[in-house]
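Architecture and fold: a report
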Amino acid sequence: MPTDDQPRRPASAWLLPAATFVAGAVLALVLAAPPTDPASAPSAAPPAPAAPQNSDAAAELALMRQINTGFVTQLRAYEERLRTIADAAQAEGAPQAAEDMRDFALETSDIIRRYDLILRN
């Protein structure tokens, strides 16, 4: 049975990786940090030129607009249907149901008006 102690590792075995890690971390922080000295930046820098529009983002925006327009078109039909149901409920002697349907149609109409306002702006 060996009773000898394990040989000790030299200091360079752990010191070299630790120093490399610290140097890399410092370098990353220096390269990633923007300059904080306002005197180093020109005071009257011209505005950056507009970046070319990303075709993927433009396509996604067009798709979202198409989806929203379809949704609001469906809401317009839904509002009309709610008003028709409210009129039928009123005629059948259910004034509370008719009032609830008209309130719901009014809320739907408010959503449509907000969408139209967003489109105008």
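Structure: see above.
Just so it is clear, the structure is predicted and the values come from calculations on it, not from any experiment.

How each quantity is defined
- Residues numbered from 1 in each chain as written.
- Predicted model: local features only at pLDDT ≥ 70, side-chain atom pairs only at ≥ 80, totals over all residues.
- Heavy atoms only, no water.
- Axes fitted to C-alpha atoms, helices over the stretch in contact; angles between N-to-C directions.
- Helix = DSSP H or I, 4+ residues; strand = E, 2+ residues; numbered from the N terminus.
- Parallel < 35°, antiparallel > 145°, perpendicular 65-115°, else oblique.
- Left-handed = near helix turned anticlockwise from the far one by under 90°.
- Nonpolar A, V, L, I, M, F, W, Y, C, P; charged D, E, K, R; others polar.
- Salt bridge = Lys/Arg side-chain N within 4 Å of Asp/Glu carboxyl O.
- Buried < 20%, exposed > 50% of the residue type's maximum accessible area, 1.4 Å probe, protein only.
- Phe/Tyr/Trp six-rings, centres within 6.5 Å; stacked < 30°, edge-to-face > 60°.
- Expected span 1.5 Å × (residues − 1).
- Contact = heavy atoms within 4.5 Å.
- Polar contact = N/O pair within 3.5 Å; in protein donor to acceptor, adjacent residues only side chain to side chain.

Before going further, it helps to examine the packing of helix α2 (residues 55-91) against helix α3 (residues 95-120). Orientation of α2 relative to α3, taken along the N-to-C sense of each, is 155 degrees, at an axis distance of 8 Å. Overall, the two elements α2 and α3 adopt an arrangement that is roughly antiparallel. The hand of the α2/α3 crossing is left-handed. Taken together, the residues of the contact of α2 with α3 sort by class into 18 nonpolar, 5 polar and 7 charged.

Take the pattern of salt bridges next. If you walk through the whole model with that rule in mind, you get 4 salt bridges. A salt bridge links D116 to R76, with the shortest nitrogen-to-oxygen separation between them at 2.9 Å. Within this pair, whereas D116 is found in helix α3, its partner R76 is found in helix α2, the two being separated by 40 residues in sequence. On the accessibility criterion, R76 (36% relative accessible area) is partly exposed. We note a salt bridge from D87 to R102, for which the minimum N-O separation is 2.8 Å. Taken together, the residues span a long stretch of sequence, with D87 in helix α2 and R102 in helix α3 at a distance of 15 residues.

A separate point is the packing of aromatic side chains. Each aromatic ring pair is specified by the distance between its two centres and by the angle formed by the two planes. Under the counting rule described, the total for this entry stands at 1 aromatic pair. On the numbers, 6.0 Å between centres and 85 degrees between planes, the contact of Y78 with F104 is edge-to-face. Taken as a pair, Y78 in helix α2 and F104 in helix α3 lie far apart in primary sequence, 26 residues in all. Judged by relative accessible area, Y78 falls into the partly exposed class, the value being 40%.

This next bit is on α2. Taking 1.5 Å of rise per residue, 37 residues should cover 54 Å, and α2 covers 54 Å from first to last C-alpha, within 8% of that figure. Among all positions in α2, only V72, L75, E79, L82, A86 and A89 are buried. In the core, the buried residues of α2 are packed alongside α3. Its side-chain oxygen at 3.0 Å from the backbone nitrogen of D56, N54 defines the N-terminal cap of α2. Positive backbone phi, approximately 90 degrees, marks G93, located one or two places after α2.

Counted at 1.5 Å a residue, the expected span for α3 with its 26 residues is 38 Å, and the 37 Å between its end C-alpha atoms agrees. Buried residues of α3: A98, A105, T108, S109, I112 and Y115, and no others. Looking at the buried residues of α3, the elements they touch are α2.

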